[in-house]
Amino acid sequence: MQAITVERLGGPEELRIGERPTPEPGPGEIRVDVSVAGVNFMDTGTRRLGTAVGPVPFVPGVEGAGQVSALGEGVTGFRVGDRVAWVYAYGSYAEQLALPAASAVPVPDGVSDEVAASVMMQGITAHHFVTEAAPVEPGQVTLVHAAAGGVGQKLTQLIKARGGTVIGVASTPEKAELARRIGADHVVVSTGDAFVEPVLELTGGEGVHTVFEGGGETTFRASMRVVRRNGTLLYYGVLIGSVPVVTITELPNSIKICYPTFFDHIPTREALLRHSAEIFDLVQDGRLQVEIGGRYPLKDAARAHRDIESRATTGKLLLLP
Ligand SMILES: NC(=O)c1ccc[n+]([C@@H]2O[C@H](COP(=O)([O-])OP(=O)(O)OC[C@H]3O[C@@H](n4cnc5c(N)ncnc54)[C@H](OP(=O)(O)O)[C@@H]3O)[C@@H](O)[C@H]2O)c1
């Protein structure tokens, strides 16, 4: 089977396609034929810095959808032929993958493989942010950085579904238009700190209840200036620039800073099943729409990484093995 392999950490050119043996599922694992693999910004980080699970060489990618093609010993709850999606299973940039059955979820008939693969990382992440990390209440005003991006589009729609107002930030007028189309109430075209004045103006000088800061270090300090008294700055833009450093006494207006990590939303299999089912429901009733910003053959994984790092993409990028 074909897979992308990273033999040496570095730039997109290190993503090379080649032949690998068909993976055999071990105890508690299933093998899937991958129809779609999701590209996430974090994949650019593992390509440069390595994975949390082992040294080079490795097959990158942690997310996808496809069909179960073999069951390992002791697996219950899945049959060969079932359609499944998964997240945090390394090795997803491949035609086939063996992964823990506990990481896979069933995909309902009304959800395509492309859409399922698109929401496992970015959808569950956005769901975590607005339901548990910084719960959005009806009437609250929020600021969403990179609102036309992968996580940004999902955040915008989930906040709207909870009755919040979204001020989006996007770096170009074209991205701003897209953010408006998916539901942002206002969009500020900004790079750096240019969003501060417009956001204060839009909120009568008070600032927003919550900033969803996916813009990385560059916008972090400016974001602190637009959080209203007792509000929250939720930071998740890791890998975009370096991680911001703040001293606790610098925090203005009694604001709270939060750095949510993915696994705190799915600490158990039961939580993974529940949250993914909720997201599939939102997709099926039209409250969460998925924009596919780019489809690439597996061999073009390097081009997908160049594109996401170039800041030119919107929505979700997918590899189609
Ligand atoms: N904490 C978690 O659990 C978690 C989970 C998933 C993702 N993440 C993080 O969320 C962020 C977004 O991930 P994603 O996969 O959804 O990517 P994405 O939003 O599709 O792409 C990143 C966006 O960030 C903005 N950006 C600002 N400065 C940039 C730069 N120097 N280079 C590239 N883009 C820049 C761009 O939007 P504009 O051009 O409009 O500014 C770009 O569209 C990443 O930092 C990722 O690591 C965290």
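Residues numbered from 1 in each chain as written. Predicted model: local features only at pLDDT ≥ 70, side-chain atom pairs only at ≥ 80, totals over all residues. Heavy atoms only, no water.

Re helix 8 (residues 269-284)
Next up, step 1: Taking 1.5 Å of rise per residue, the 16 residues of helix 8 would be expected to cover 22 Å, and the 22 Å separating its terminal C-alpha atoms lies within 8% of that figure.
Next up, step 2: Taken residue by residue, helix 8 has Ala271, Leu272, His275, Ser276, Ile279, Phe280, Leu282 and Val283 as its buried positions. Taken end-on, helix 8 shows its buried residues confined to a sector of 160 degrees, consistent with a single buried face. (Helix = DSSP H or I, 4+ residues; strand = E, 2+ residues; numbered from the N terminus. Expected span 1.5 Å × (residues − 1). Buried < 20%, exposed > 50% of the residue type's maximum accessible area, 1.4 Å probe, protein only. Arc of directions from axis to C-beta.)

A closer look at helix 7 (residues 217-224)
Next up, step 1: All of the buried residues along helix 7 are Thr219, Phe220, Ala222, Ser223 and Met224.
Next up, step 2: Buried-residue contacts for helix 7 involve helix 6 (196-202), strand 11 (208-213), strand 12 (227-235) and strand 13 (256-258). (Contact = heavy atoms within 4.5 Å.)

Digging into the domain arrangement of the protein
Many authors give the size of an interface as the accessible area that is lost as the parts come together.
Next up, step 1: Domain assignment breaks the protein into domain 1 (2-121 + 284-320) and domain 2 (135-259).
Next up, step 2: Here the C-alpha centroids of domain 1 and domain 2 sit 29 Å apart.
Next up, step 3: Approximately 1,200 Å² of surface area, both sides summed, lies buried where domain 1 meets domain 2, with 60% of it carried by carbon and sulfur atoms.
Next up, step 4: Interface area lost by domain 1 to domain 2 is led by Phe41, Leu288 and Arg311, which between them contribute 34%. (Domains from an automatic or database assignment. Buried area = accessible area lost by both parts, 1.4 Å probe.)

Comments concerning the environment of Thr314
Next up, step 1: Relative to the assigned elements, Thr314 resides in the loop between helix 9 (301-309) and strand 15 (316-320).
Next up, step 2: Its relative accessible area of 16% is what places Thr314 among the buried residues.
Next up, step 3: Taking the C-alpha atoms as reference, Thr314 lies 4.8 Å from Gly149; in sequence the two are 165 residues apart.
Next up, step 4: Leaving out residues up to four positions away in the same chain, Thr314 has contacts with Ala148, Gln153, Lys175, Leu178, Glu291 and Gly293.
Next up, step 5: There is a polar contact of 3.2 Å between the side chain of Thr314 and the side chain of Glu291. (Polar contact = N/O pair within 3.5 Å; in protein donor to acceptor, adjacent residues only side chain to side chain.)

Some details on the environment of Thr51
Next up, step 1: Relative to the helices and strands, Thr51 resides in the loop between helix 1 (41-49) and strand 4 (63-71).
Next up, step 2: The spacing of Thr51 and Gly149 is 98 residues in sequence and 23 Å in space, taken between C-alpha atoms.
Next up, step 3: In contact with Thr51, other than residues within four places in its own chain, are Thr46, Phe58 and Tyr90.
Next up, step 4: A distance of 3.1 Å separates the side chain of Thr51 from the backbone oxygen of Gly54, its partner in a polar contact.

Some words on the pairing of strand 8 (residues 141-144)
Next up, step 1: Of the two faces of strand 8, the one holding Val141 and Leu143 and the one holding Thr142 and Val144 are both buried throughout.
Next up, step 2: Where strand 8 lies against strand 9 (residues 165-170), four bridges are found, and the strand directions are parallel. Bridging from a neighbouring strand, Leu143 pairs with Ile167 of strand 9.
Next up, step 3: For the handedness criterion, the β-α-β arrangement of strand 8, helix 4 (residues 150-161) and strand 9 is classed as right-handed.
Next up, step 4: When strand 8 meets strand 11, the two strands line up parallel, connected through three bridges. Looking across to strand 11, one finds that Val144 is bridged to Phe212. (Pairing = 2+ DSSP bridges. Right-handed = clockwise from strand over helix to strand, strands pointing away.)

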